[in-house]
Amino acid sequence: MIGLSIETSCDETSVAIIENGRKVLSNIVSTQIDIHKEFGGVVPEIASRKHLTNISYVVNEAIKEANISFDDLDYIGVTYGPGLIGALLVGVSYAKSLAYSLNIPIVPTHHIEGHIAANYLTYNELKPPFLALVVSGGHSHLIHVKDYSKFEIIGKTRDDAVGEAFDKVARVLGLPYPGGPEVSKLAINGKRTYTLPKTKFDNLDFSFSGIKTAVINIAHKEGESLRKADMATSFEQTVCEELIFNTLRAVNMLKIDKVVLAGGVSANRVLREMLEKAAKENSFKAYMPDLKYCTDNAAMIGSAAHYNYVSGKYYEIKDKMDLNAIANIKIGD
Ligand code: KG4
Ligand code: ZN
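Cut-offs and rules
Residue positions are counted from 1 within each chain, in the order its sequence is given. Following the order in which they are written, the chains are lettered starting with A and the ligands numbered starting with 1. Residue-level local features of this predicted model are given only where pLDDT is at least 70; pairs of side-chain atoms are given and counted only at 80 or more, and the full residue set underlies all totals for whole chains, interfaces and linings. Side-chain descriptors were evaluated using all non-hydrogen atoms of the structure, hydrogens and water having been removed beforehand. Put simply, a residue is near a molecule or strand once any heavy atom of it comes within 4 Å of that molecule or strand. By the criterion applied in these results, polar contacts are pairs of N or O atoms within 3.5 Å in which, for protein atoms, one can donate a hydrogen and the other can accept it, and in which residues neighboring in sequence qualify only through two side-chain atoms. All accessibility values rest on the Shrake-Rupley procedure with a 1.4 Å probe; residue burial counts only the protein chains present in the view. Only runs of H or I of at least four residues qualify as helices and only runs of E of at least two qualify as strands under DSSP, and these elements are numbered from the N terminus. For this scheme, ten residues count as nonpolar: Ala, Val, Leu, Ile, Met, Phe, Trp, Tyr, Cys and Pro. Four count as charged, namely Asp, Glu, Lys and Arg, and the remainder, Gly too, count as polar. Where each domain begins and ends follows an automated or database-derived domain assignment. The working definition used for a salt bridge is a side-chain nitrogen of Lys or Arg within 4 Å of a carboxyl oxygen of Asp or Glu. Under the scheme applied here, a residue whose accessible area is under 20% of the maximum for its type counts as buried, over 50% as exposed, and between as partly exposed, the area being computed with a 1.4 Å probe on protein chains only. To form a nonpolar core, buried Ala, Val, Leu, Ile, Met, Phe, Trp, Tyr and Cys residues must be joined to one another through side-chain atoms within 4.5 Å. It only takes one pair of heavy atoms within 4.5 Å for two residues to be counted as in contact.

1. Comments concerning the site of ligand 1
Okay, so step 1: Inspection of the region around ligand 1 gives 17 residues, with His115, Gly137, Asp167, Gly180 and Gly264 positioned closest.
Okay, so step 2: The contact in question runs from an oxygen atom of ligand 1 to an N or O atom on the backbone of Gly138, over 3.4 Å.
Okay, so step 3: At 3.0 Å from an oxygen atom of ligand 1 is found a main-chain nitrogen or oxygen belonging to Gly180.
Okay, so step 4: Contact with the protein chains removes 87% of the 560 Å² of surface that ligand 1 exposes when unbound.
Okay, so step 5: When contributions to the shell around ligand 1 are tallied by element, the ones reaching two or more residues are α4 (111–122), α5 (162–172) and α6 (179–187).
Okay, so step 6: Residues of the shell around ligand 1, tallied by class, amount to 4 nonpolar, 11 polar and 2 charged.
Okay, so step 7: Here the shell around ligand 1 spans two domains, since at least three of its residues come from each of domain 1 (2–116 + 294–319) and domain 2 (125–291).

Here you go:
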């Protein structure tokens, strides 16, 4: 089974060809980071326009690199939410037209399901059930993945997502967008000398706005004398400890032996090391996506779309011409 998948939810125009949900025949990612960097963050209107000018080219490149023809495709998978509405609409409209012209089914796919599925591309043997810690620019979720297309959110952030907090702290430290990797790079040479607040709830929820505000306040108070590298280290370590703390509580609650990391922040070195260490000490196995599948890409969407397709979550395109993009949609809905 061969699927073409499209991802345009934020600032990457990406198209992939995936065979049987696990084999990546091609994965083209055209990033707009350099354009948005100038503005210190993603400008939604510019993102939509760039997707529009890029999409045809990226689709053709994906077909060419996979060495297949359009007639070999069994279905079209597409991210329909969550994300920037104008950006999503480019992918969804293109996917509908392509599915219509080839007369093949369309598989609307949730962006976070894609991030989780990035692990299927990295670990051929990985199968649900498992616990997923999803950490991206828009999400900080603990999700019980009961089956390929069956999800239950068991913990979530009550305010900022962890990637969002990384990006805001980066700004305060004078680092460029996207801030997560920059904060992490700076943190390598720092020491944990700042004490930052942790938020604890009696369930599995997270909160990252308190720590973000604490960093902003210290930065304003100390001005030029702020030890930036130490602040980066203190922030990164504190946030990662919070993520691991709740993950361990969830492992014990579910009595589960597999934990999967997902989302852009899964590229973070400290988080990966902490999860690996926690896995050794608590007898579970940790899975984390290959670095090239951590941030947004269409290969992960293709893997998730495959499992939606085989479990019957697809539409004949003539019955689904009204498919729309949805900016906010919960996983599993
Ligand atoms: O999953 P993603 O590419 O887009 C969303 O779905 O949001 O995640 C992007 C987020 C950004 O906030 C970025 O700063 C963060 O992931 N990120 C990182 C690292 N690489 C990307 N955060 C911390 N450390 C990293 N190495
Ligand atoms: Zn993402």
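2. Re the pattern of salt bridges
Okay, so step 1: The full count for this structure, using the stated rule, is 15 salt bridges.
Okay, so step 2: We note a salt bridge from Glu164 to Lys168, for which the minimum N-O separation is 3.3 Å. Note that Glu164 and Lys168 are positioned in helix α5 at a spacing of 4 residues, about one turn of the helix.
Okay, so step 3: The exposure class assigned to Lys168 is partly exposed, which follows from its relative accessible area of 32%.

3. Side note on the nonpolar core
Okay, so step 1: Counting residues in each nonpolar core, the largest one holds 65 residues, and the members touching the most others are Ile116, Ile143, Phe235 and Leu243.
Okay, so step 2: For this core, the element with the most residues is helix α8 (residues 228–254), which contributes 9 residues.
Okay, so step 3: Of the domains in this structure, domain 1 (2–116 + 294–319) and domain 2 (125–291) are the two that each give at least three residues to this core.
Okay, so step 4: Excluding residues within four positions of it along the chain, Ile143 makes contact with Ile112, Ile116, Phe130, Leu131, Ala132, Val134, Phe151, Glu152, Ile153, Ile154 and Ile331.
Okay, so step 5: Listed in part, the 29 residues of the second largest apolar core include Ile28, Ile63, Ala99 and Ile106.

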